[in-house]
Amino acid sequence: MRSAAWPDVRVACLWIAQLPLRVEILRHPAWDGRPLVLGGAPGERKVVQLCSPEAEAAGVWPGLPLREVVPLCPGAIVLQPDPVRTASVLEAVLADLQRVSPLVEPGEGDDGYFFLDLRGLQGMYGELAALEEAIRAAVPPLLRPRLGFANGKFAAAVAARLAEPGLSKSRMVPASETRAFLAPLSVRHLVLLEPEALQRMELLGVRTIGDLAALPFNAVQAQFGMPGAHAWRLAHGKDTDPIVARPVSASVQDGLRFDDPLGSIEAVMAAIDQLLAHTFSQPALLGRSVRQVRLRALLSDGTSWERLYTFKEALSTRDAARRALKSKLDLPNGLPPAPIEELALELLGLGGEAARQPGLFVARARQLAEIADAARQLRARYGRVPLYHAVEVEPWSRIPERRWALVTCDL
Amino acid sequence: MVTDSRTALGAGDVRPLIKLSAGSRQRSDLRPLNAPSPLRVQTDAQGRIVSIWRQGRLAPRSIVAVQDCWRIDDEWWREHAVSRMYYAIVLDDGTLLTMYHDLVTDSWFEQRS
């Protein structure tokens, strides 16, 4: 796919810098260009987590105690983290980008990266400019996304970081120019390396990616191990990391909005009961069980709250799910720190009814008797007992199959 | 695409790897966990592995990345030495898999570690 209209690039990287702040600007467009500061969540350290360039220009920096922000920057707008809104914006952007390319990999957490696989898209878009246009249309301009094109994920991410914000001018790095593009850049772009490794690299005089590429592979691998070897390959423009789309997991969800925000456990449980009644009656859950429940809430103080609960036992009834959730919410700090205005419940980890697991250690003696009875039946039917214990045999062995063995149960 | 002419070994051809001490249980009472299962590999003209066919699967899967490789040489003092080249690979459906090339028998296996 090499032509003037479609340079030799395999990956597009879209990066939304300072995503939590841009999400707030998306909600309040008038805040664009004003000094914004993101503080810690309730219960966390009261320091600046993230600040906009305008706040930085006034002397605010990440790690600064929040009480020092207003004296330094009287016009600063101090915000609390809003993971639910940030996640919903990320989800929306991901869904829109998946209409541009079928293979989109979101970055980790809320780092704001998205990688699009461009292979095979030339037939659809014809020119790369048309693809750029489609990406531009998929992302709200207020998020100020940056776009980079390259032949691998690493170079595309670096290109996006160096691109002008706002998609008006993307950064293009064709395969043949990757090494020259990376060479003058600081080794600090190699975020796959630990900060200590980067510091040691700089102490050794390796300041640019080009310096790293000039070293012998063996020397780099000896000094910095596997990550160093990977970094050396990236420095040479050899990036074969595939783009791996996030697996789609089936879930059932529902939500409620309240005119009077809910503050007490009783009110919250009543709302959860209603949500469970609705979700468990949906056809997708018929004859199935649930392993995880995610609760998301928008709170009356303008912040949001999110919890993911994973249960030891698969839950296949509304009552079982209710009891399990109540036991979690009854814990200290189980409830959100402010009254709830909106509550969403999502059931995940859907499995078959047969996936229910009764507790193994309850009524142990009775269970052993039942197992012994089952063993007798199996022996009568098959002439042997196909029940086993897993035992350690050679845990120190370098050969995986020698470490553990299955031993026939003596019942 | 060249299909590797080395056919997969049957499960019974994998050498027993659990050693029994004298007077211990009968061999049939000890079954190795994570025992390797045979694989068929396909190579390209340069001899590089491009796809694998796992036991019980309907079709081969192509390899999109090799994340790691390492070699184990062990028990060279015994009659049956162990010499394996392991590969941690990513398949085109995103599956992560550990496989090895048995350098003694020139055959390929999948292994859960």
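Predicted model only: the values in this text are computed from it and were never measured.

**Side note on the pairing of strand β7 (residues 146-150) of chain A**
Residue and element names in this part refer to chain A.
Piece 1. Among the five residues of β7, five are classified as buried, and the element is accordingly described as predominantly covered.
Piece 2. Of the two faces of β7, the one carrying R146, G148 and A150 and the one carrying L147 and F149 are both buried.
Piece 3. As judged from the five bridges shared by strand β1 (residues 11-15) and β7, these two strands associate in the antiparallel manner. When the bridges of β7 are listed, W15 appears paired with R146.
Piece 4. The pairing of β7 with strand β8 (residues 171-172) spans two bridges and is classified as parallel.

**With respect to the nonpolar core**
All names here are of chain A.
Piece 1. Judged by nonpolar contacts, the single largest core of 35 residues is most densely connected at L190 and L212.
Piece 2. With seven residues, helix α7 (residues 153-162) is the single largest residue contributor to this core.
Piece 3. Residue assignment places this core across two domains, with domain 1 (1-178) and domain 2 (183-235) each supplying three or more.
Piece 4. Excluding residues within four positions of it along the chain, L212 makes contact with L190, M201, V206, V220, A231, W232 and A235.
Piece 5. Core analysis: the second largest hydrophobic core is formed by 32 residues, L262, L276, A297 and I340 among them.

**Describing the confidence of the model for chain B**
Residue and element names in this part refer to chain B.
Piece 1. Averaged over all residues, the pLDDT of chain B equals 75, while 73% of them reach at least 70.
Piece 2. For residues 1-29, every residue scores under 50 in pLDDT, and the model assigns this stretch 53 contacts once sequence neighbours within four places are set aside.
Piece 3. Across the predicted assembly, pTM comes out at 0.58 and ipTM at 0.72.

**Points about the sheet that holds strand β3 (residues 50-51) of chain A**
All names here are of chain A.
Piece 1. Strand order in the open sheet formed by three strands is β3-β2-β4, and the pairing between neighbours is mixed. Every interior strand has two partners, whereas the edge strands, β3 and β4 (77-79), have only one.
Piece 2. Relative to β4, strand β2 (residues 36-38) is paired through three bridges, and the arrangement is parallel. Looking at β4, one finds that V37 is bridged to V78.
Piece 3. Packed on one face of the sheet, helix α1 (residues 19-27) meets β2, β3 and β4 and runs near 125° to β2.

Conventions adopted
Residues numbered from 1 in each chain as written. Chains lettered and ligands numbered in written order. Predicted model: local features only at pLDDT ≥ 70, side-chain atom pairs only at ≥ 80, totals over all residues. Heavy atoms only, no water. Buried < 20%, exposed > 50% of the residue type's maximum accessible area, 1.4 Å probe, protein only. Helix = DSSP H or I, 4+ residues; strand = E, 2+ residues; numbered from the N terminus. Pairing = 2+ DSSP bridges. Core = buried A, V, L, I, M, F, W, Y, C linked by side-chain atoms within 4.5 Å. Domains from an automatic or database assignment. Contact = heavy atoms within 4.5 Å. pLDDT = per-residue confidence, 0-100. Axes fitted to C-alpha atoms, helices over the stretch in contact; angles between N-to-C directions.

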